[in-house]
Amino acid sequence: MSKYQRIVILSGAGLSAESGLATFRDTDGIWKQYDYRDVATPEGFQRNPHLVYEFYNARRKSATQAHPNEAHRALAQLEKSYPGEVLIVTQNVDNLHEQAGSSNLIHMHGDMQTMVCTNCDAVLPWTKDLSDDLTCPECELTGGLRPHVVWFGEMPFEMNRIADALSKCDLFVSIGTSGNVYPAAGFVAAAKHVGAHTVELNLEPSCGASHFCECHHGRATEIVPAFVQHLVSGQPFEQCQAA
Ligand code: APR
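This structure is a prediction, so every number in the text was calculated from the model and none was measured.

In total, this model carries twelve aromatic pairs according to the counting rule given. Ring pairs connect the aromatic residues Phe24, Trp31, Tyr34, Tyr36, Phe45, Tyr53, Phe55, Tyr56, Trp151 and Phe152, which therefore count as one cluster. One residue, Lys128, lies across the ring of Trp126, its end atom 4.5 Å from the ring centre. Note that Arg146 overlies the ring of Trp151, its terminal NZ or CZ placed 3.6 Å from the centroid.

Relative to the helices and strands, Pro183 resides in the loop between strand 7 (171-175) and helix 9 (187-193). Classification of Pro183 by relative accessible area gives partly exposed; the value is 26%. If we ignore the near neighbours within four places in the chain, the residues touching Pro183 are Met108, Pro156 and Met159.

Counted by the stated rule, this structure contains ten salt bridges. Here Arg37 makes a salt bridge to Asp35, at a shortest N to O gap of 2.6 Å. Across the salt bridge formed by Arg161 and Glu158, the nearest N and O atoms sit 3.1 Å from each other. Judged by its relative accessible area of 36%, Arg161 falls in the partly exposed class. Several salt bridges converge on common partners, so that one network encompasses Glu18, Arg219 and Glu222.

Quick look at helix 8 (residues 159-168) now. Along helix 8, the residues classified as buried are Met159, Ile162, Ala165 and Leu166. For helix 8, the arc enclosing every buried residue in end-on projection is 125°, short of the 170-degree limit, so these residues lie on one face. The elements touched by buried residues of helix 8 are strand 1 (6-11), strand 2 (85-90), strand 3 (105-107), strand 7 and helix 9.

Attention now moves to the sheet that holds strand 3. Strand order in the open sheet made by the six strands is 3-2-1-7-8-9, with parallel pairing throughout. Edge positions in the open sheet fall to strand 3 and strand 9 (214-217), since each of these has one partner strand only. Each strand axis lies, on average, 15° off the axis of its neighbour in the sheet, ignoring direction. By the bridge criterion, five bridges tie strand 1 to strand 7 in an arrangement that is parallel. Bridge pairing in strand 7 links Val8 to Phe172. Of the strands in this sheet, strand 1, strand 7, strand 8 (197-202) and strand 9 are in contact with helix 10 (residues 220-233), which crosses strand 8 at around 150°.

Around the ligand lies a shell of 23 residues, among which Ala13, Phe24, Arg25, Thr177 and Ser178 are the nearest. Contact between the ligand and Glu204: an oxygen atom at 3.2 Å from a side-chain N or O atom of the residue. Relative to its unbound accessible surface of 740 Å², the ligand loses 94% to contact with the protein.

Another aspect to go through is the side chain of Glu200. When you line up the elements, Glu200 lands in strand 8. No salt bridge forms around the buried Glu200; measuring N to O, its nearest opposite-charge neighbour Lys192 is 11 Å away. A polar contact is formed between the side chain of Glu200 and the side chain of Ser206, at a distance of 2.3 Å. For Glu200, the side chain forms a polar contact with the side chain of His217, separated by 2.9 Å. Not counting the four nearest positions on each side in its chain, Glu200 is found in contact with Ser174, Pro205, Ser206, Ala209, Phe212, Glu214, Cys215, His216 and His217.

Definitions and cut-offs
- Residues numbered from 1 in each chain as written.
- Predicted model: local features only at pLDDT ≥ 70, side-chain atom pairs only at ≥ 80, totals over all residues.
- Heavy atoms only, no water.
- Phe/Tyr/Trp six-rings, centres within 6.5 Å; stacked < 30°, edge-to-face > 60°.
- Lys NZ or Arg CZ within 6 Å of the ring centre and 35° of its normal.
- Helix = DSSP H or I, 4+ residues; strand = E, 2+ residues; numbered from the N terminus.
- Buried < 20%, exposed > 50% of the residue type's maximum accessible area, 1.4 Å probe, protein only.
- Contact = heavy atoms within 4.5 Å.
- Salt bridge = Lys/Arg side-chain N within 4 Å of Asp/Glu carboxyl O.
- Arc of directions from axis to C-beta.
- Pairing = 2+ DSSP bridges.
- Axes fitted to C-alpha atoms, helices over the stretch in contact; angles between N-to-C directions.
- Near = heavy atom within 4 Å.
- Polar contact = N/O pair within 3.5 Å; in protein donor to acceptor, adjacent residues only side chain to side chain.
- Areas by Shrake-Rupley, 256 points an atom, 1.4 Å probe, with all protein chains shown as cover.
- Lys, Arg positive; Asp, Glu negative; His and termini not counted.

In structure tokens form, the structure reads like this:
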């Protein structure tokens, strides 16, 4: 009988860092090159849509050239082989979890491989560049397409489903996130409130590290496969890490 029956995993940009995708708040992070108010808010899009299109077109291009790493693959393997439920809630807008084989997955901040039409609300797969002269395949109106991602000041997706999963989980694992942005940064408190064991796997202690029962710091491609092996085998994490 496995120790945990319902596992919720929160992932952030640090999980995709070793796939070559920039994080946001590291020294070479995205918010060191751009002001988030210009490229990740509705007001910024209103002010200068061309800059926002360019920002996401460049990120989408690098995301399509990236590949899942050992940490993504270990999480997909956990979902397949673990007898309990494994739900991944990702803040990431790349599709590396899907490429690694994860399917029980919520993109709470959306994903760059889809677009939304602001005229008819259609959400459609979209891997090409976006611009303001494109026609929506649904309503055939021009100029209303934007990346289907959640900007600052907008409500993340599927919050009811996430809250329900957190209220029933017995293990919450936070991977590769700095714990700077709510509501995701508050998930550990929700999990602890229902008695779940809480684990942080991150390169360095996050802002919320003190809220976690257990922390392991290191590169995701090392500590995530080790932690998955620890969950599946029941062996101590340290032994799995050494292997
Ligand atoms: N392995 C593990 N963790 C890593 C690695 C790595 N190789 N590289 C970096 N990290 C850690 C950093 O130490 C940092 O704590 O990943 C975290 C990344 O933090 P952020 O850059 O703040 O990214 P994230 O937490 O995902 O941001 C949350 O903020 O701007 C918004 O919408 C954006 O979804 C994003 C949200």
